[in-house]
Amino acid sequence: MTLRYEWHTDPLPPALAAELAQLIAQIFGDQSPEQVAAELDYQQARTPLWVGLAFDGPVLVGYKIGYERKPGHFYSWLGGVLPAYRGQGIASALMTEQHNWCRQQGYHTLRTQTYNRWRSMLILNLRHGFDIVGTVQGTRGLTLVLEKKLTN
C-alpha cells in the first residue's frame, strides 16, 4: 500500500469529482452517486469547499470535506474511508491536515456532526479535541453536534 494525499480548495476536475461522488455513495450507501454529485455541486455553489483525498496508488480510498460556516467558523462536513482501509490512520491524517489548514486560514472554531451509530467517527472526533456541545433530532435519528476551538 502506497498512500498519497491531496488537498483541494478549488473545484475538483469533473472526473475526480465523479470519483469522489462514487466513493461517498459507496461508503454511506443511502444515496446514488448522482445524488451525491448534485449535493456536492449545490454546496460548492454556496461556498468553496476544502477537500482532502487519500489514494492507494490510483484508487481513491478516503476523503474529508468542509466549508466556512461563517467568518472564523469552519464546518467539517463529510468524511469517510473505505472499510478495507480503516484503522490505518487515514481519517486521522485527513482530519489533521484539515485542522492545520483551518488554523492557517484564521479559523478559530470547527464544528461537525455525527450520529451515535457511527461510533468510530465519534471517537475519532473526540480524540482530535472535539467536545459534544449539543444534539439535534434529525430525519435519520439523533445527531451529535461537536465543536473544537483551534489554537495557533
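These numbers were taken from a predicted model, which means no experiment stands behind them. (Residues numbered from 1 in each chain as written. Predicted model: local features only at pLDDT ≥ 70, side-chain atom pairs only at ≥ 80, totals over all residues. Heavy atoms only, no water.)

Visitor: Outline the pairing of strand 5 (residues 109-115), supporting the account with residue identities and numerical values.
Guide: Side-chain positions along a regular strand alternate between the two faces of the sheet. Judged by how many residues are buried, strand 5 sits mostly within the fold: 5 of 7 residues are covered. Alignment of strand 4 (residues 73-81) against strand 5, held across 3 bridges, turns out to be parallel. Among the inter-strand pairings, Phe-74 is bridged to a residue of strand 5, identified as Leu-110. Between the parallel elements strand 4 and strand 5, the chain passes through helix 3 (residues 90-104) in a crossover that is right-handed. (Buried < 20%, exposed > 50% of the residue type's maximum accessible area, 1.4 Å probe, protein only. Helix = DSSP H or I, 4+ residues; strand = E, 2+ residues; numbered from the N terminus. Pairing = 2+ DSSP bridges. Right-handed = clockwise from strand over helix to strand, strands pointing away.)

Visitor: Break down the sheet that holds strand 7 (residues 141-149) for me, citing the residues and quoting the values.
Guide: On the basis of which strands lie adjacent, the open sheet formed by 7 strands has the order 1-2-3-4-5-7-6 and mixed pairing. Strand pairing shows two members of the sheet lacking a second neighbour, strand 1 (3-8) and strand 6 (131-138), which therefore form its edges. Strand-to-strand twist of the sheet, defined as the mean angle between neighbouring strand axes without regard to direction, takes the value 25°. By the bridge criterion, 7 bridges tie strand 6 to strand 7 in an arrangement that is antiparallel. Each residue of the ladder has a partner; that of Gly-134, found in strand 7, is Val-145. Packing against the sheet, helix 4 (residues 119-127) makes contact with strand 4, strand 5, strand 6 and strand 7, and its axis sits at approximately 20° to strand 7. (Axes fitted to C-alpha atoms, helices over the stretch in contact; angles between N-to-C directions. Contact = heavy atoms within 4.5 Å.)

Just geometry here; none of it tells us what the structure is for.
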